[in-house]
Every structure is written in C-alpha cells, then in structure tokens.
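Working through the structure, step by step
As a plain string of letters, each chain reads:
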Amino acid sequence: MTAADKYYLKAKDNYPYDLDTALEALEYGLSCDDTHPGLLTLQGNIYYRDLRDFDLAMEYFELALFYDNRYTDTYYAYIQLCIDICNYTKAMQLIERASVVPGIDKAQIAYRTAKMYEKQELYKDALSHIQTAIATCTEKECNTFLNDELERVQLKMKNKFASEKRINIILT
C-alpha cells in the first residue's frame, strides 16, 4: 500500500463528515501521487457536490479516467454529474465506456441510464433501464430501491399521460 493509498483511505473515511481532515489527507495524498484515480475522483466529487464547480469537477474526473480508465467510482460520479448538468451526450459516452469496464456494477450503470432518460421525460426508456437494473442487481436493498423507483417512474408516466390527455380534450 502506497502513501497515496493511505491518504486516500483517510480522506475517503472522513468525507463528507469531517471536511477539514478529508481535505488535508487529500492534499497530502495528491502531493505523493497526483495521478491517483481515487484521490482525483474524490477531489472531483468535492468540486461537484460541495463547491458546485462542475467544470473543475469534470476536469478531475477526466484526469482520473486518463490515469486509470477502469476505476469504477469515477464513472458513477462522472455520469451522475453529466446527467445533473443535462450533458446527455457525454453521459451516454461514459455509460457506453463504463459498461465494458471489469468490475463495474451493471445495476448502477443501468439505473443512471434510467435517470438520464427520466430527466428527459422519456419514461418508457427509463422504465426499461430500471428493469435492466433490477435484473442485474444482486442485493436485497438494491432490489427494493429499484422496485420503488420503478413504481415512482410509472406514476410519473401515468400522470404525464393523463395531463396530456386532459390538454387534448380541452383543445378539441
């Protein structure tokens, strides 16, 4: 285990609850190894979730993938960021790349794909990907969560359909 790995674990353990300690460990870790994908991903997450600097977050995620394109945690965070900022083209590119990475959680990737389609109000595609996520998840908690998400999106689709039907009746 390298010094950078130790600092990464310390930073990861303390983030987000003890931000000062996490940031200190992150700085030390990056000074030991500025190519460490875990440290770069954590730095990206801080810019994304805490500082809301999406451009810098993307830079750190890109760096992490440049140095290790099989680091799974980067894909999860980077895809979610792209969905949040409505960069669906980049999100889909990352989803396609992530789907062939050894060790990637296919259920998480399918779920993020569903979230991307849901955000675009493409509910049938979202439901299809949630069903794929359900089929590939291997934990009870994951299955329960995804089934709840399936019901939630089905309700949204039903409400959208009912709303569109009312508008059509009013217009005719």
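In case you missed it, the structure is sitting above this.
These remarks concern the structure in this document.

Digging into the environment of N87
Within the secondary structure layout, N87 lies in the loop between α5 (72–84) and α6 (88–98). Taking relative accessible area as the criterion, N87 reaches 27% and is therefore assigned partly exposed. Considering only alpha carbons, one finds N87 and E62, 25 residues apart in sequence, at a separation of 15 Å. In this structure, N87 is in contact with M58 and C82, ignoring residues within four places of it in sequence.

Brief notes about the environment of K115
Here K115 shows up in helix α7 (residues 106–119). Between the alpha carbons of K115 and D84 there is a distance of 9.6 Å; along the sequence they are 31 residues apart.

Points about a nonpolar patch on the surface
Together, L63, F66 and Y67 make up an exposed nonpolar region whose accessible area comes to about 320 Å². Judged by its relative accessible area of 39%, Y67 falls in the partly exposed class.

Considerations on the packing of helix α1 (residues 3–14) against helix α3 (residues 37–50)
Axis separation between α1 and α3 bottoms out at 9 Å; the angle between their running directions is 30 degrees. Comparing their axes, α3 and α1 come out roughly parallel. Handedness of the α1/α3 crossing: left-handed. Between α1 and α3, the contacting residues are A4, Y7, Y8, A11 and K12 on the first element and G38, L39 and L42 on the second.

Here we look at the packing of aromatic side chains
Pairs of aromatic rings are described using the distance from one ring centre to the other and the angle between the two planes. What the rule picks out here adds up to six aromatic pairs. Consider the rings of F61 and Y78, whose centres lie 5.4 Å apart with planes at 40 degrees: the pair is tilted. Highlighted residues: F61 in helix α4 (residues 54–67) and Y78 in helix α5, separated in sequence by 17 residues.

Overview of the environment of T138
Tracing the sequence through the fold places T138 in the loop between α8 (123–136) and α9 (140–171). Judged by relative accessible area, T138 falls into the exposed class, the value being 73%. In this structure, the C-alpha to C-alpha distance between T138 and P102, residues 36 residues apart in sequence, is 16 Å.

Rules and cut-offs
- Residues numbered from 1 in each chain as written.
- Predicted model: local features only at pLDDT ≥ 70, side-chain atom pairs only at ≥ 80, totals over all residues.
- Heavy atoms only, no water.
- Helix = DSSP H or I, 4+ residues; strand = E, 2+ residues; numbered from the N terminus.
- Buried < 20%, exposed > 50% of the residue type's maximum accessible area, 1.4 Å probe, protein only.
- Contact = heavy atoms within 4.5 Å.
- Patch = residues over 30% accessible without salt bridge, like charges linked within 9 Å, V, L, I, M, F, W, Y side chains within 5 Å.
- Areas by Shrake-Rupley, 256 points an atom, 1.4 Å probe, with all protein chains shown as cover.
- Salt bridge = Lys/Arg side-chain N within 4 Å of Asp/Glu carboxyl O.
- Axes fitted to C-alpha atoms, helices over the stretch in contact; angles between N-to-C directions.
- Parallel < 35°, antiparallel > 145°, perpendicular 65-115°, else oblique.
- Left-handed = near helix turned anticlockwise from the far one by under 90°.
- Phe/Tyr/Trp six-rings, centres within 6.5 Å; stacked < 30°, edge-to-face > 60°.

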